[in-house]
Amino acid sequence: STSVPGLQAKPMLDLLLVVARARWADCLAELEGAGFHTKDTRSDLPEKPVRACSIVWDGDRVNVNVHLACPEGRTHRELLWFRDRLRDDPALVAEYASVKRHAFADERVTPAAYNDLKLPFIRRVLASMPPEPPAADGTTRGAAPPSHT
């Protein structure tokens, strides 16, 4: 949300670290060594690991999540496509903002429940994503259904 102008966001910063899968273990170890920890949510999936920490910035505590994705992977493609669709369509931004406000209306909502409430909107937007072009060798990658973003 912070990468989409005009879209309200929680006081949280989500970063996408695009790294070859072979380097994930090293990256996760480095993040954990820097104070990041495994997130206790369904967001931390083998195909999209997440590490989290909390920092103080300008006197406020800010949660930081670092998501890992492969440069050639479906998760990376979906995240960028979803962001770009929002950036290009003010009506879609307004609709997503409404979905997020509704999902966050109860201050006691858990992160997992918040994500579950946004999921139908995200899946609907991702369903209109064009198929991935064939790889240079003629094969297709990413035949799996849209993942949770």
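Every chain's residues receive numbers from 1 upward, in the order its sequence appears when written. Only residues with pLDDT of at least 70 get local features here, since the model is predicted, and only at 80 or more are side-chain atom pairs given and counted; chain-wide, interface and lining totals rely on the full set of residues. Neither water nor hydrogens contribute to the side-chain values; these are computed over all heavy atoms in the structure.

Asks: How should the packing of aromatic side chains be read in this particular structure?
Replies: Two aromatic rings, taken as a pair, are described by how far apart their centres are and by the angle between their planes. Only the six-membered ring of Trp is used, alongside the rings of Phe and Tyr, when aromatic pairs are assigned; centres must lie within 6.5 Å, and planes under 30 degrees apart are stacked while those over 60 apart are edge-to-face, with the rest tilted. This structure, assessed with the given rule, holds 4 aromatic pairs. Ring centres 6.3 Å apart and planes at 80 degrees place the aromatic pair phenylalanine 82 and phenylalanine 121 in the edge-to-face group. Of this pair, phenylalanine 82 sits in helix α2 (residues 74-88) while phenylalanine 121 sits in helix α4 (residues 111-127), and the two are 39 residues apart along the sequence. Residues phenylalanine 82 and phenylalanine 121 agree in their burial class; the two are buried. Arranged with centres 5.5 Å apart and planes meeting at 75 degrees, the rings of phenylalanine 104 and tyrosine 114 form a pair that is edge-to-face. Highlighted residues: phenylalanine 104 in the loop between α3 (90-103) and α4 and tyrosine 114 in helix α4, separated in sequence by 10 residues. Three or more aromatic residues joined by ring pairs make a cluster, and in this case those are Phe82, Tyr96 and Phe121. Helix numbering and strand numbering both begin at the N terminus, where a helix is a DSSP run of H or I of at least 4 residues and a strand a DSSP run of E of at least 2. Burial status follows relative accessibility: with a 1.4 Å probe on protein chains alone, a residue under 20% of its type maximum counts as buried, one over 50% as exposed, and anything between as partly exposed.

Asks: Honestly, the sheet that holds strand β2 (residues 37-38) in this entry has me stumped. Any pointers?
Replies: To summarise the sheet geometry, strands pair through backbone hydrogen bonds and adopt either a parallel or an antiparallel arrangement. Here 4 strands make up an open sheet; going across it, the order is β1-β4-β3-β2 and the pairing mixed. Single-partner strands in this sheet number two, and they are β1 (12-18) and β2. Sheet topology places β1 next to strand β4 (residues 60-69); 7 bridges connect them, and they run parallel. Each bridged residue has a counterpart across the sheet, and for valine 18 the counterpart in β4 is alanine 69. Contacts between residues were defined by any pair of non-hydrogen atoms, one from each residue, lying within 4.5 Å. Working convention: axes come from line fits to C-alpha atoms, limited for helices to the stretch in contact. Angles between N-to-C directions cover 0 to 180 degrees. Helix-sheet contacts for helix α1 (residues 24-33) involve β2, β3 (50-57) and β4, and the interaxial angle to β4 is about 170 degrees. Here, strands pair whenever DSSP counts at least two bridges between them.

Asks: I'm lost on the nonpolar core in this one. Help?
Replies: Within soluble globular proteins, side chains that are nonpolar generally end up buried alongside one another. Working definition of a nonpolar core: buried Ala, Val, Leu, Ile, Met, Phe, Trp, Tyr and Cys residues. They are joined through side-chain atoms within 4.5 Å. Formed by 14 residues in total, the largest nonpolar core has its most connected members in Leu7, Phe82, Leu86, Tyr96 and Phe121. Mapped by element, the contributors of at least two residues to this core are α2, α3 and α4. Within the second largest apolar cluster, 11 residues are counted, among which are Val19, Leu31, Phe36 and Val64.

Asks: Please explain the side chain of asparagine 65 as it appears in this structure.
Replies: Along the chain, asparagine 65 falls in strand β4. In protein, a polar contact requires one atom able to donate a hydrogen and another able to accept it; more generally it is a pair of N or O atoms within 3.5 Å, and residues adjacent in sequence count only if both atoms are side-chain atoms. At 3.1 Å, the side chain of asparagine 65 and the side chain of aspartate 14 are in polar contact.

Asks: Help me understand the packing of α2 against α4, please; the structure alone is not making it clear to me.
Replies: Relative orientation and spacing of two packed helices are given, respectively, by the angle between their axes and the distance between those axes. At a minimum axis distance of 10 Å, the contact between α2 and α4 shows a crossing angle of 95 degrees. Between α2 and α4, the angle is such that the two are roughly perpendicular. On α4, the residues that touch Glu78, Trp81, Phe82 and Arg85 of α2 are Phe121, Ile122, Val125 and Leu126. For the contact of α2 with α4, the class distribution of residues is 6 nonpolar, no polar and 2 charged. For classification purposes, an angle smaller than 35 degrees is called roughly parallel, one larger than 145 roughly antiparallel, one from 65 to 115 roughly perpendicular, and anything else oblique. Note on residue classes: Ala, Val, Leu, Ile, Met, Phe, Trp, Tyr, Cys and Pro are nonpolar, Asp, Glu, Lys and Arg are charged, and everything else, Gly too, is polar.

Asks: Honestly, α1 in this entry has me stumped. Any pointers?
Replies: Since there are 3.6 residues in each turn of an α-helix, residues three or four apart along the chain are aligned in direction. Listing the buried residues of α1 in full gives Trp24, Cys27, Leu28 and Leu31. Viewed along the axis of α1, the buried residues span an arc of 95 degrees, placing them on a single side of the element. Seen from the open side of α1, the exposed residues pointing more than 90 degrees away from its buried face are Ala25, Glu30 and Gly33. The inward-facing, buried residues of α1 contact β3 and β4. An arc is given here, and it is the one of the directions from the helix axis to the C-beta atoms.

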